[in-house]
Amino acid sequence: MRQFTAVVNPTAGGSTAAAALLRVAHELRAAGAGLDTEYSRSLAHAQDIARRAGEAGRVVLAVGGDGIAGGIGGALSGTGTVLGLVPAGRGNDFARALGLPAEPEALARLLLEGEPREVDTIEVESAVHHRTVVLGSVYAGVDALANRHANHSRLLRGSASYYAGGLRAVAGWRAANYRVTVDGKEHTHRGYTVVAANSPYYGSGRMIAPGARVDDGLLDVVLIEDAPRRLFFALMSELATGDHVARPQVRILRGREIRIEADRPVPYGADGEVDAVLPVTARVLPGALTMLY
């Protein structure tokens, strides 16, 4: 029987992480599994807990949103430790990409009986992140600014906070001139954003990269070009279905290593965390993380 260590972000999703774990924990313990629960004080603390649990041969559960999932997943990348997710954050986009069940009983059954599978991770390098590893995507531009606004929203939660953050970000955005290098080939781009995606989803269910796969050894690079704001707002609504990729203002490239630069200090984010500006390099690490999904 599997032995689990759950690492809980107590502030995720408006303090719903502990409640989400309780429902899953009941099912795990009823089946005879061992479960220890640890509450993190910070992302670095959560990563330390996860590493120690992995070294002890335990399955790690990241309980919270994309920030803690990406932080713990990054810390366990390359270690062979098995990771499971208990989604309880604003976005839960990587959990969505994995197709995790929403019902506690079904999720617990998957964690107990599922076969571990390998997924890709993203190594991120910049002046700030000398080297870090995340799961979902790296995005540079108006979406990073929108994410920053959403993270600081006190009144709105989930997709509402991202939508409001997006409106605020687009209203004040001016197009940036990017230089995007994909596997050594340089592309110039003027527009709203560049996204290097391992997962199809970001921003609480927005399907920015419909063709992205977590296990194909490639990153999908989505470039959204400069366009009138009214067109961009229409494009934002199409992110719910992925229909935006048919527009001529959207270009998609694929590669293993992506370098993103700009003509001004454009903010970038990674798995919901926005604390840096370009330039940044994103590099896929094929099959580096073992997960239950």
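Residues numbered from 1 in each chain as written. Predicted model: local features only at pLDDT ≥ 70, side-chain atom pairs only at ≥ 80, totals over all residues. Heavy atoms only, no water.

A.B. asks: Provide a residue-level description of the packing of helix 1 (residues 17-30) against helix 5 (residues 104-113), including the pertinent values.
C.D. replies: In the contact formed by helix 1 and helix 5, the axes pass within 9 Å of each other and the chain directions differ by 50 degrees. With respect to their mutual orientation, helix 1 and helix 5 come out oblique. For helix 1 against helix 5, the interelement crossing comes out right-handed. On helix 5, the residues touching Arg-23, Val-24, Glu-27 and Leu-28 of helix 1 are Pro-104, Glu-105, Leu-107, Ala-108, Leu-111 and Leu-112. Taken together, the residues of the contact of helix 1 with helix 5 break down into seven nonpolar, no polar and three charged. (Axes fitted to C-alpha atoms, helices over the stretch in contact; angles between N-to-C directions. Helix = DSSP H or I, 4+ residues; strand = E, 2+ residues; numbered from the N terminus. Parallel < 35°, antiparallel > 145°, perpendicular 65-115°, else oblique. Left-handed = near helix turned anticlockwise from the far one by under 90°. Contact = heavy atoms within 4.5 Å. Nonpolar A, V, L, I, M, F, W, Y, C, P; charged D, E, K, R; others polar.)

A.B. asks: Would you mind going over helix 5 in detail, with residue names and values included?
C.D. replies: With seven of 10 residues buried, helix 5 is to be regarded as a mostly interior element. For helix 5, the secondary structure elements touched by its buried residues are strand 1 (3-8), helix 1, strand 3 (59-64) and strand 4 (82-87). (Buried < 20%, exposed > 50% of the residue type's maximum accessible area, 1.4 Å probe, protein only.)

A.B. asks: An account of the side chain of Thr-5 is needed here, citing residue identities and associated values.
C.D. replies: In this structure, Thr-5 sits in strand 1. Overall, Thr-5 belongs to the buried group, its relative accessible area being 5%. Of the polar contacts made by the side chain of Thr-5, one reaches the side chain of Arg-58; its length is 2.7 Å. Ignoring any residue separated from it by four or fewer positions in sequence, one finds Thr-5 in contact with Asp-36, Glu-38, Ile-49, Ala-53, Arg-58, Val-59, Val-60 and Leu-61. (Polar contact = N/O pair within 3.5 Å; in protein donor to acceptor, adjacent residues only side chain to side chain.)

A.B. asks: So what's going on with the pairing of strand 14 (residues 257-262)? Residues and values would help.
C.D. replies: Taken residue by residue, a regular strand's side chains alternate between the two faces of the sheet. Looking at chain direction, strand 8 (residues 176-182) and strand 14 are connected through five bridges and run antiparallel. Bridged to Tyr-178 within strand 14 is Ala-262. As paired elements, strand 14 and strand 17 (residues 280-291) share four bridges and run antiparallel to each other. By the bridge assignment, Ile-258 is partnered in strand 17 with Ala-282. (Pairing = 2+ DSSP bridges.)

A.B. asks: Break down the packing of aromatic side chains for me, citing the residues and quoting the values.
C.D. replies: Scanning all chains against the criterion turns up one aromatic pair. Aromatic pair Tyr-139 and Tyr-202: ring centres 5.5 Å apart, planes at 85 degrees, arrangement edge-to-face. Within this pair, whereas Tyr-139 is found in strand 7 (residues 137-141), its partner Tyr-202 is found in strand 10 (residues 201-202), the two being separated by 63 residues in sequence. The exposure class of Tyr-202 is buried, given its relative accessible area of 11%. If you follow Arg-117 out to its NZ or CZ, it ends over the ring of Tyr-293, 3.9 Å from the centre. Residue placement shows Arg-264 over the ring face of Trp-173; its charged tip is 4.8 Å from the ring centre. (Phe/Tyr/Trp six-rings, centres within 6.5 Å; stacked < 30°, edge-to-face > 60°. Lys NZ or Arg CZ within 6 Å of the ring centre and 35° of its normal.)

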